Amino acid sequence: MVERMSKACWLVAASIFTAATVVYGQQAPCFFVFGDSMSDNGNNNNLKSEAKVNFSPYGNDFPKGPTGRFSNGRTIPDIIGELSGFKDFIPPFAEASPEQAHTGMNYASGGSGLREETSEHLGDRISIRKQLQNHKTSITKANVPAERLQQCLYMINIGSNDYINNYFMSKPYNTKRRYTPKQYAYSLIIIYRSHLKNLHRLGARKVAVFGLSQIGCTPKIMKSHSDGKICSREVNEAVKIFNKNLDDLVMDFNKKVRGAKFTYVDLFSGGDPQAFIFLGFKVGGKSCCTVNPGEELCVPNQPVCANRTEYVFWDDLHSTEATNMVVAKGSFDGIITKPYSIAQLAKE
């Protein structure tokens, strides 16, 4: 019980400290988002991919209904954008006008990873390498001034699929046979480092780098790598190695890269779904929507739970809007970040 309460510490703190979060006007001139399904808001809709959710019940609590967001409502970047004073949601790259590059775009793609082959069994997806290429093309065509780009807010949340849809999926992948968890984490960090350097070259100075959550506690992994009732220790231990290396990478960037003001967002420490019980959540080990056995996404147009604010997970991998709110507020106010809060990045 003591250990569980310590894991819930930052969650409780987030609920207390961020309840009074007040934003006066837009804090940054622009906001750019990179990542996977935790951030995707429609970029996969027209791809030949199984990793897309432009159907009901996704968007059940979102004003525009199903948009391609992997949740019942707003995503973490949606909420961070609101807290940063943006009046409108940052649009997906796939639907944005060229001029939108002056105020921000969301390049995230469900299924994407650091490794190019990650999630290839799901079909098309936009890897982080391609997302950065899209960003370069966008800001170049729109002729966004370098000074403006340096004042923008950036967030990147990538790496989960490199474990879920690669390392811990034996077919068609062989990375687990080729690498120990330590070796694999190191290989991913090498790739991550090159992409962060590229993002910095493209003008990014204020970047929120999200670590991975306790993937072993998602309903999908609990079923496939545990007994369905408890978290997979094997998966979480592997993720923990990656997160430590990513944390070190961010700190190293701040010391060695000129002008860099990067911050690390710790999604792991309080990520045990059971810890959310202390915030009023009642269900941490199963999805709110209907999920067929062996799958991870909601079955189209099937029943969902009525008490969505009490569930940690929307489907077998992705969080509810209620969970996203806790994480977004915790990161914005600096409860789960170091060395800067996202609020500090946005306004400075």
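Refer to the structure presented above.
It should be emphasised that the depicted structure is a prediction, and the values quoted were computed from it without experimental measurement. (Residues numbered from 1 in each chain as written. Predicted model: local features only at pLDDT ≥ 70, side-chain atom pairs only at ≥ 80, totals over all residues. Heavy atoms only, no water.)

A. Quick look at the packing of aromatic side chains. Scanning the model with the defined rule gives 18 aromatic pairs in all. These aromatic residues form a ring-pair network of at least three members: Tyr163, Tyr167, Phe168, Tyr179, Tyr184, Tyr192 and Phe242. The aromatic ring of Phe89 is capped on one face by Arg69, whose charged end is 5.3 Å from the ring centroid. (Phe/Tyr/Trp six-rings, centres within 6.5 Å; stacked < 30°, edge-to-face > 60°. Lys NZ or Arg CZ within 6 Å of the ring centre and 35° of its normal.)

B. Up close: the packing of helix α4 (residues 128-141) against helix α8 (residues 181-201). One way to put it is that α4 packs onto α8 with a least axis distance of 11 Å and a crossing angle of 5 degrees. Between α4 and α8, the angle is such that the two are roughly parallel. Residues Ile128, Arg129, Leu132 and His135 of α4 touch α8, and the partners they reach there are His195, Asn198 and Leu199. Classifying every residue of the contact of α4 with α8 gives three nonpolar, three polar and one charged. (Axes fitted to C-alpha atoms, helices over the stretch in contact; angles between N-to-C directions. Helix = DSSP H or I, 4+ residues; strand = E, 2+ residues; numbered from the N terminus. Parallel < 35°, antiparallel > 145°, perpendicular 65-115°, else oblique. Contact = heavy atoms within 4.5 Å. Nonpolar A, V, L, I, M, F, W, Y, C, P; charged D, E, K, R; others polar.)

C. Examining α4 more closely. Over its 14 residues, α4 extends 20 Å from the first C-alpha to the last, a length consistent with the 20 Å expected when each residue adds 1.5 Å. Buried within α4 are the following residues: Ile128, Gln131, Leu132, Asn134, His135, Ser138 and Ile139. Down the axis of α4, the buried side of the element spans an arc of 155 degrees, and every buried residue falls inside it. The exposed residues of α4 that point more than 90 degrees off its buried face are Thr140 and Lys141. (Expected span 1.5 Å × (residues − 1). Buried < 20%, exposed > 50% of the residue type's maximum accessible area, 1.4 Å probe, protein only. Arc of directions from axis to C-beta.)

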